[in-house]
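The primary structure of each chain is shown beneath.
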Amino acid sequence: MAMRLPPLPRVAGFDDAPFTKRPGARVPLVGVVCAGTRFEGLVWGGVRKDGWTATDEVCRLLVGGKFLPQLHLVLLDGIAFGGFNVVDLPRLAGTLGKPCVSVMRRLPDLEAMERALRHLPRPERRLELLKRAGPIHQLGGFTFQVQGAEPEWVAEALKRLTDRGNVPEALRLAHLIGSAVITGESSKRA
């Protein structure tokens, strides 16, 4: 039986904020909760640049908190935070018990990503996490990977969670809030 999408889906959207490029730098992680496109809440955490805790940190910010029981899905701005702190998308979906979606602005250059990963510790493990995220879908004007739901359901949800363009409002707000807190003003690209 296919999952039904509620009229007003609730979502948490996660993005990293601007960070120092030095190895091991702390990277702020912003999670914005929205009902449809309306802002409802915020969680704030952090990971290390090119580290290994992105999956655990998203879980820490949601598990046991007031927002998780209300959510229909969790969105990530890409599959990694702070450079290549790669999220284990199947583990995230399994731990949270919610569909988890890595949203991309465009198809990634997978060869360039692999070349970049080769300069970091444990590149094979990072590549394995990228592959575990599943196939990249292009549906309804969105580019994404998903664990825990059918791609068609996700495309419909993303449409309902987006005011204009192809960036869901929760991700747009996470980006703007993270930029403003770290740099003093929101950035142009969101």
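The rules behind the values
Residues numbered from 1 in each chain as written. Predicted model: local features only at pLDDT ≥ 70, side-chain atom pairs only at ≥ 80, totals over all residues. Heavy atoms only, no water. Pairing = 2+ DSSP bridges. Helix = DSSP H or I, 4+ residues; strand = E, 2+ residues; numbered from the N terminus. Axes fitted to C-alpha atoms, helices over the stretch in contact; angles between N-to-C directions. Contact = heavy atoms within 4.5 Å. Core = buried A, V, L, I, M, F, W, Y, C linked by side-chain atoms within 4.5 Å. Buried < 20%, exposed > 50% of the residue type's maximum accessible area, 1.4 Å probe, protein only. Disulfide = S-S within 2.5 Å. Salt bridge = Lys/Arg side-chain N within 4 Å of Asp/Glu carboxyl O. Phe/Tyr/Trp six-rings, centres within 6.5 Å; stacked < 30°, edge-to-face > 60°. Lys NZ or Arg CZ within 6 Å of the ring centre and 35° of its normal.

### A closer look at the sheet that holds strand β1 (residues 10-16)
Across the sheet, 7 strands lie side by side as β3-β2-β1-β4-β7-β9-β8; this open sheet has mixed pairing. Edge positions in the open sheet fall to β3 (38-48) and β8 (137-139), since each of these has one partner strand only. Neighbour to neighbour, the strand axes of the sheet diverge by 30° on average, direction disregarded. The strands touched by helix α1 (residues 54-62) within the sheet are β1, β2 (26-35), β3 and β4 (73-77), with β3 carrying the most contacts at an inclination of about 140°.

### Comments concerning the nonpolar core
Most often, soluble globular proteins have nonpolar side chains that are buried together. Counting residues in each nonpolar core, the largest one holds 36 residues, and the members touching the most others are Phe14, Leu62, Phe81 and Leu92. Take this core: its biggest share by element is 5 residues, from α1. In contact with Leu92, not counting residues within four places along its chain, are Thr55, Val58, Cys59, Leu76, Val87 and Cys100.

### What about the state of the cysteines?
The tally for this structure, following the rule as stated, stands at 0 disulfides. With no disulfide partner, Cys59 has as its closest neighbouring cysteine sulfur the one in Cys100, 7.7 Å distant.

### Notes on the pattern of salt bridges
A complete count under the given rule lists 14 salt bridges for this structure. Residue Lys49 is joined to Asp50 by a salt bridge in which the shortest nitrogen-to-oxygen separation is 2.7 Å. A residue is classified by how much of its surface remains accessible, and Lys49, at 16% relative accessible area, is buried. Between Glu124 and Arg118 there is a salt bridge whose closest N-O contact spans 2.3 Å. Arg118 sits in the partly exposed class, given a relative accessible area of 39%.

### Quick look at the packing of aromatic side chains
This structure, assessed with the given rule, holds 0 aromatic pairs. When the ring centre of Phe19 is taken as reference, the NZ or CZ atom of Lys21 above it lies at 4.2 Å. Note that Arg122 overlies the ring of Trp52, its terminal NZ or CZ placed 4.4 Å from the centroid.

### Description of the pairing of β3
As judged from the 10 bridges shared by β2 and β3, these two strands associate in the antiparallel manner. Residue pairing for β3: Leu29 is matched across the bridge by Gly45. A loop of 2 residues connects β2 with β3, the two strands running antiparallel in sequence, and Gly36 in this loop sits at a positive phi of about 65°.

By themselves these figures say nothing about function.
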